[in-house]
Amino acid sequence: MSFMKLLLYNSLNRRKEEFIPTQKQQVGLYTCGPTVYNFAHIGNLRTYIFEDILKRVLLYNGYRVKHVMNITDVGHLTGDRDMGEDKMEKGAAREGRSAWEIAEFYTRAFKADIARLNIIEPDIWVKATDTIEDQITLIQTLEEKGYTYQTGDGIYFDTSKFADYTKLSHQNIESLQEGARVEKNPEKRNPTDFALWKFSPKDVRRQMEWNSPWGIGFPGWHIECSAMSMKFLDNQLDIHCGGTDHIDVHHTNEIAQSEAATGKKFFNFWMHGAFLIIAGGKKMAKSEENFLTLENAFVKAGINPLVYRFAAFQTHYRKPMEYSSESVQAARNGLQHLQNQVRQVTQGAAGRTAAVNEAFKSKFLAEINDDLSMPRAMAVVQEMLKSTMADAEKLATILSFDTVLGLELDQVDKTGALPPAVQKLFEDRQAARSAKDWTASDRLRDAIQELGYTVQDTKEGMKIIKN
Ligand SMILES: [Zn+2]
């Protein structure tokens, strides 16, 4: 275990707080997953990168992490306040496939995306459609406790009965009511009330619908996350994450219904990743219909998706991240430079091993433990690599840091391996230099040069860089 304090910004209290899990060494982490009706856009993926860093930082601090992520495959409507169409059925109609096929297809696409970003998979994936019974039970509890009422189109949660409804959003309830009034549903008692269960329309047979004590229908989006997180993280509700757009409605409603049902605090820490801003100041959103995916912006453009991961480290997760072709190019250069540095220290280490440098490890830990300050942690990475430490020590230290960075720096030497002929000359020259045979050394340097590589003799030994 690390003995350095881990400070995380808690949206509930709007300040950085020391993180202490409910159970000694294991952390319960719930991250709101994708609604699988379309590809994730790179703005969505920024949030998953932030959550992956959080998880890796917890692991680096010596905690075990039980990570649950849901797949929303029903119930998420196009309007956040229970209005509009079901996104799944809309996606199905768009593509001429069934809602179930759409869910399957985009779940697979999402998993491929996070794998390409080297995001560690959650321990538990859970589909909303696999926990319908749990959701119904939770709604029944709320009904017994008097928090629900029925309208023509569903069962609703009465937000006026939950005293601290705005404790996460910190919004003024009147302005919130005013904002919610835009999407009118005359049967709601309060504009902020939300659906727990929606009835299937009488004249339409939905593709996804279930029996319930109230009639055939489907669950609301918010109840899904409450039921799934309580089911799997019951006694360790430590950290719940999502994008900042989840604060006002989705997470606010999750807290209200969960705490109303259990009478207990629902998650100690709430953490939120900020938006991606496309050059020109627009927030990326699926509804804009011109969104960038990892596939079209990176893979098809021949850019390693890890460039996007690297790019995300340049901005603190709570600040909007600017995205442009220039920022991608800068990240591309930055990652390449880092890979070259690692390749050089690998060569310099020449198979020698060393321990991780504790002083630099403490420095790195101090930054990541200060609310995941990745821009400053990346500065420590450069400071360490440019220090006068021996290459073997640098290599051990950067590979330790990479368990947090997740940039696959341990693969750099393999992908950038020297051709056998160059490797042979490299080893001959090392032998010549050990024997102080400078004539042979110079001749071998020229031979290496002819094969397209530059030799550098540094304090830490010989390095070879591809021209
Ligand atoms: Zn959620």
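Here is a short report on the structure shown in this document. Nothing here was measured: the structure is a model prediction, and the numbers come from that model. (Residues numbered from 1 in each chain as written. Predicted model: local features only at pLDDT ≥ 70, side-chain atom pairs only at ≥ 80, totals over all residues. Heavy atoms only, no water.)

What to know about the overall build of the protein chain
When its secondary structure is counted, the protein chain shows 16 helices and 16 strands. Once the C-alpha set of the protein chain is aligned to its principal axes, its extents read approximately 90 × 50 × 40 Å. With 467 residues in all, the protein chain has 56% of them scored as buried. For the protein chain, the proportion of contacts with a sequence separation of at least 24, taken over those separated by at least 6, is 75%. For the protein chain, the computed accessible surface area is about 20500 Å², with 50% contributed by carbon and sulfur atoms. With 58 positive and 62 negative side-chain charges, the protein chain shows a spacing of 4 Å between the two charge centroids. (Helix = DSSP H or I, 4+ residues; strand = E, 2+ residues; numbered from the N terminus. Buried < 20%, exposed > 50% of the residue type's maximum accessible area, 1.4 Å probe, protein only. Contact = heavy atoms within 4.5 Å. Areas by Shrake-Rupley, 256 points an atom, 1.4 Å probe, with all protein chains shown as cover. Lys, Arg positive; Asp, Glu negative; His and termini not counted. Charge placed at Lys NZ, Arg CZ, Asp CG, Glu CD.)

Observations regarding the sheet that holds strand 4 (residues 64–71)
Reading across from one edge, 5-4-3-10-11 is the order of the five strands in this open sheet, with parallel pairing throughout. Strands with a single pairing partner mark the edges of an open sheet, and in this sheet they are strand 5 (124–127) and strand 11 (269–273). Each strand of the sheet is rotated relative to its neighbour by a mean of 20°, with strand direction disregarded. Across three bridges, the pairing between strand 3 (residues 26–31) and strand 10 (residues 239–243) is parallel. Within strand 10, the residue paired with Thr31 across the bridge is Cys241. (Pairing = 2+ DSSP bridges. Axes fitted to C-alpha atoms, helices over the stretch in contact; angles between N-to-C directions.)

Observations regarding the environment of Leu444
Mapped onto the fold, Leu444 is located in helix 16 (residues 438–450). Under the relative-accessibility criterion, Leu444 is labelled buried at 8%. Spatially, the C-alpha atoms of Leu444 and Asp428 are 7.6 Å apart, while their sequence positions differ by 16 residues. Residue contacts for Leu444: discarding those within four places in its chain leaves Leu425, Asp428, Arg429 and Ala432.

Focus: helix 4 (residues 132–144)
The terminal C-alpha atoms of helix 4, which comprises 13 residues, lie 18 Å apart, in line with the 18 Å expected from a rise of 1.5 Å per residue. Immediately beyond the C-terminal end of helix 4, within one or two residues, lies Gly146, with a positive phi of roughly 85°. (Expected span 1.5 Å × (residues − 1).)

Some thoughts on helix 2 (residues 87–95)
Listing the buried residues of helix 2 in full gives Lys87, Met88, Glu89, Gly91 and Ala92. If you follow the buried residues of helix 2, they end up packed against helix 3 (99–116). Measuring from the backbone nitrogen of Met88 back to the side-chain oxygen at the start of helix 2 gives 2.8 Å, which picks out Asp86 as the cap. Residue Gly96 follows helix 2 closely and has a positive phi angle near 65°. (Polar contact = N/O pair within 3.5 Å; in protein donor to acceptor, adjacent residues only side chain to side chain.)

As for the sheet that holds strand 6 (residues 148–151)
If you walk across this open sheet you meet the four strands as 6-7-8-9, and the pairing is antiparallel. At either margin of the open sheet sits one strand with a lone partner, and together these are strand 6 and strand 9 (217–219). The mean inter-strand angle of the sheet, taken between neighbouring strand axes irrespective of direction, is 25°.

Remarks on the packing of aromatic side chains
Applying the stated rule across the entire model yields 20 aromatic pairs. Where Trp100 meets Trp210, the ring centres are 6.4 Å apart and the plane angle is 75°; that geometry is what we call edge-to-face. You can see Trp100 sitting in helix 3 and its partner Trp210 sitting in the loop between strand 8 (194–199) and strand 9, a full 110 residues away along the chain. Ring geometry for Tyr149 against Tyr156: centres 6.1 Å apart, planes inclined by 25°, an arrangement best described as stacked. Tyr156 matches Tyr149 in its accessibility class, with the two residues each being buried. (Phe/Tyr/Trp six-rings, centres within 6.5 Å; stacked < 30°, edge-to-face > 60°.)

Brief notes about the coordination of the zinc ion
Listed as protein donors to the zinc ion are Cys32 (SG), Cys225 (SG) and His250 (NE2); their distances from the metal cover 2.0 to 2.2 Å. Sequence positions of the donors to the zinc ion reduce to the motif C-x192-C-x24-H. Of this pair, Cys225 sits in helix 6 (residues 221–233) while His250 sits in helix 7 (residues 247–262), and the two are 25 residues apart along the sequence. Taking the relative accessible area as the measure of exposure, His250 reaches 1% and is therefore buried. (Donors = N, O, S within 2.8 Å, 3.2 Å for Na, K, Ca; no water.)

A look at the nonpolar core
One finds Ile239, Phe298, Tyr308 and Phe364 to be the most contacted residues of the largest nonpolar core, which totals 72 residues. Considering every element that reaches this core, the biggest residue donor is helix 1 (residues 42–60), with 10 residues. In contact with Phe298, other than residues within four places in its own chain, are Ile42, Thr293, Ile303, Asn304, Pro305, Val307, Tyr308, Tyr323 and Val328. One finds Leu77, Phe199, Met228 and Ile255 within the second-largest nonpolar core, a separate group that totals 53 residues. (Core = buried A, V, L, I, M, F, W, Y, C linked by side-chain atoms within 4.5 Å.)

Here we look at the packing of helix 15 (residues 420–434) against helix 16
Interaxial distance between helix 15 and helix 16 falls to 8 Å at its minimum, and their mutual angle equals 160°. Judged by the inter-axis angle, helix 15 sits roughly antiparallel to helix 16. Crossing geometry of helix 15 relative to helix 16 is assigned as left-handed. Of helix 16, the residues touching helix 15 (which contributes Val422, Leu425, Phe426, Asp428, Arg429, Ala432 and Arg433) are Trp438, Ala440, Ser441, Leu444, Arg445, Ala447 and Ile448. (Parallel < 35°, antiparallel > 145°, perpendicular 65-115°, else oblique. Left-handed = near helix turned anticlockwise from the far one by under 90°.)

Some words on unusual backbone geometry
Unlike most non-glycine residues, His170 shows phi in positive territory, near 55°. You will see that Asp371, though not glycine, has its phi angle at about 55°, which is positive.

Quick look at the pattern of salt bridges
Within this structure, the stated rule accounts for 25 salt bridges. For Glu17, the salt bridge identified is with Arg15, shortest N-O distance 3.3 Å. Overall, Glu17 belongs to the buried group, its relative accessible area being 14%. As a salt-bridge pair, Asp86 and Arg206 come within 3.0 Å of each other at their nearest N and O atoms. With Asp86 in the loop between strand 4 and helix 2 and Arg206 in the loop between strand 8 and strand 9, this pair connects stretches of sequence that are 120 residues apart. Here Asp86 and Arg206 have matching classes, each one buried. (Salt bridge = Lys/Arg side-chain N within 4 Å of Asp/Glu carboxyl O.)

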